[in-house]
Amino acid sequence: MSGMFAGKRSYLLALTAVVVLFAVWRSVAGLLDNTRIFDGYRWGIHVSILEIEGQGQAAIYTLRTKNIQKNEWQPAVSVNAADLAGSKAFKLEESLESFPADYAALSQINWAGPKAVGWPDENHLYVRHRELVHPINGKDINASYWGVKDRSDPLDLIIGADNSIIAAIDVSHDNIMVRRGFEAFTTVAKWQEKSVSQPLYGYKALPQHMMQTKANLKLATRVFLPEGDIKGPYPTIFIRTPYGISDLIPKYQQYAVRGFAVVLQAVRGTAYWDPEAKSEGDLELMVHEPLDGADALSWITEQPWSDGSICMQGGSYVGFTQWSATMAKNPALKCIVPESSMGTAFSDQPYMGGTYVEGGAFYAFWMKNKELLPGRTWPEILRHRPLMDLDEYATGFDISTWNADIGHSRNDEHWKRQDWLAGDYPRTVASLQISGWFDDDYPGTRSAWAMMQKRGTLPNRLLLGPWRHGYNHDRQLNGYSFGIEALRGDIWLIKQKWYDHFLKGVDNDATDTVVEYFVLGANEWRTAVAWKTCRLRYLKV
């Protein structure tokens, strides 16, 4: 009898243990089901992890961020939902800035029914743009892409069929928060392909160097090298700019962590706002860039960390420094990426169609840190004659750059030093040009493209969008809407593939497409395998 009782007791204890274990399992499973994990990626680099545990005001938000330079994850910080909005630790970059604080409100919206949703107010209209489907864990998952209509630097969303937030996308900057496991709905999956250099490293800064030129001037130069399980020498991404280099590495650090050296150089007469990295010499725009650029290319190839291959990048005047560097005919320069690039002095600025571009006055005064005299206004300044005296009339100073521009109103020997369009020699550099229909430097891109079609010996590619100077930011300009497709999230990836192809010899699709252009009115992208500078046709309306 006692044995029977003991057996029953053992059975009850075992059953109780099973129940307890089942309860614990349900609790853990419920916790897991109630935790959402989002991964942050910038240019395909994993930079943050956001965990949201619980619902509503009881939810706990935990964020970890990565120190890109050190390639190290920082300690996690946590906060409850009630304190989230006021926490500086949870402010992300650019258009993603308030995503953690906005997540709860976005999750409560019924995205399943309407075609448009006004959030956070009627001035931000989300429209259901296209339907998506991707296999996740062997099962097709359906979702919708919601874009913000007519906004600049918008934060778009991908919403699952179950009304869950799959991703928030800062399109202009390829800055993404995506639910873990759903990367296929974003550019992240393409960044992670084996044909793309992966961000496996940190980087280190070498001491600032004053590079000696043949003109007996020294140019401030900063070098950043990959650091970690990698050995040089390295291919180089090179930027020459008049706008300062001290704070520029965050824009280009993604190349260092992918195994490239990054070289930043201040041109002669560096902008006044970067005194810590100021080059010698007076700012005399355009004319010295070919010789100084040639000296810089040679200097890079002589460094022990350089493998002898270089590509350049940058926008506006920094595009001009690339084209002028090609005049050196240095075989080390494999490719360039001119973005919204200036053209030569008489194909774009300061003279267009033989006439001085009035915006040149503002630029000359700004670069020299000369403010307008009290009471002076731009309308009256631009009406002042003679032009040679306009600088003194406007600012009270005799400005050397203004004198040089106005004193050489013909394409004389002063300007011919910088004319990279001239000459019938082969252009043995690959160019990826990016510009916009409304870019005030589009004439520079147009003339450069025509020249490269005639004399280029390597692949050239053109991306032309409905953009102003400083591209890929706006879905409307001056009240005219270009639609959701006006912005592209793949431009940084395209540039990366360009460098991988020409600096590392990667066999990828970088050169498959010759031209991608946005058709105004139809508001859609089209491709072409050839491209000639188009002529305008005027229609009666």
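So, how was this worked out
- Each chain has its residues counted from 1, following the order in which its sequence is written.
- Owing to the predicted nature of the model, reporting of local features is limited to residues with pLDDT of at least 70; listing and counting of side-chain atom pairs is limited to 80 or more, with chain, interface and lining totals taken over all residues.
- Each side-chain value is derived from all of the structure's non-hydrogen atoms; neither hydrogens nor water enter the calculation.
- Patches here: salt-bridge-free residues with over 30% relative accessible area, like charges joined within 9 Å, nonpolar side chains (Val, Leu, Ile, Met, Phe, Trp, Tyr) joined within 5 Å.
- To be clear on the numbers: accessible area is Shrake-Rupley with a 1.4 Å probe, and residue cover counts the displayed protein chains and nothing else.
- We define a salt bridge as a side-chain nitrogen of Lys or Arg found within 4 Å of a carboxyl oxygen belonging to Asp or Glu.
- Relative accessibility decides the category of a residue: with a 1.4 Å probe and only protein chains considered, values under 20% of the type maximum give buried, values over 50% give exposed, and everything between is partly exposed.
- Note on aromatic pairs: the rings of Phe, Tyr and Trp (six-membered ring only in Trp) are paired at centre separations within 6.5 Å, and the planes decide the class, stacked below 30 degrees, edge-to-face beyond 60, tilted for the rest.
- To qualify as a helix, a DSSP run of H or I must reach at least 4 residues; to qualify as a strand, a run of E must reach at least 2; elements of each kind are numbered from the N terminus.
- Definition used in this section: a nonpolar core is a set of buried Ala, Val, Leu, Ile, Met, Phe, Trp, Tyr and Cys residues joined via side-chain atoms within 4.5 Å.
- The pLDDT value expresses, per residue, how confident the predictor is, ranging between 0 and 100.
- Contacts between residues were defined by any pair of non-hydrogen atoms, one from each residue, lying within 4.5 Å.

(A) Structural context of a nonpolar patch on the surface. Judged by side-chain polarity, Tyr272, Trp273, Phe362 and Trp366 come together as a nonpolar surface patch covering roughly 410 Å² of accessible area. A residue is classified by how much of its surface remains accessible, and tryptophan 366, at 34% relative accessible area, is partly exposed.

(B) Quick look at the packing of aromatic side chains. Across all of its chains, the model carries 32 aromatic pairs by this definition. Seen from their ring centres, phenylalanine 38 and phenylalanine 99 are 5.7 Å apart, and the 75 degrees between their planes marks the pair as edge-to-face. One end of the pair, phenylalanine 38, is in strand E1 (residues 35-42); the other, phenylalanine 99, is in helix H2 (residues 99-107), with 61 residues separating them in the sequence. Residue phenylalanine 38 is classed as buried on the basis of its relative accessible area of 0%.

(C) Main features of the pattern of salt bridges. Overall, the coordinates contain 17 salt bridges when judged by the stated rule. For aspartate 39, the salt bridge identified is with arginine 180, shortest N-O distance 2.9 Å. Taken together, the positions of aspartate 39 in strand E1 and arginine 180 in the loop between strand E11 (175-179) and helix H3 (188-191) put the pair 141 residues apart, joining distant regions of the chain. A salt bridge links lysine 368 to aspartate 282; the nearest nitrogen and oxygen atoms lie 2.6 Å apart. Pair noted here: lysine 368 is in the loop between helix H7 (359-367) and helix H8 (378-383) and aspartate 282 is in the loop between strand E16 (261-266) and helix H5 (289-301), with a separation of 86 residues, a long-range link.

(D) Broad picture of the nonpolar core. Core analysis: the biggest nonpolar cluster contains 64 residues, and Ile158 and Tyr499 have the highest contact counts within it. With eight residues, the top contributor of residues to this core is helix H13 (residues 491-504). Core analysis: the next-biggest nonpolar cluster, separate from the first, contains 48 residues, Phe320, Ala325, Leu333 and Leu390 among them.

(E) A look at helix H4 (residues 249-256). Of all eight residues in H4, six are buried; the element is thus mostly enclosed. Turning to H4, its buried residues are Ile249, Tyr252, Gln253, Gln254, Tyr255 and Ala256.

(F) Highlighting the confidence of the model for the protein chain. A residue-level look at the protein chain finds 92% of positions with pLDDT of 70 or above and a mean pLDDT of 91. Under a pLDDT of 50 for its full length, residues 1-32 has, in the predicted model, one contact with residues more than four places off or in other chains. Ignoring residues within four places in sequence, the model shows residues 534-541, a span with pLDDT below 50, making one contact including any to other chains.

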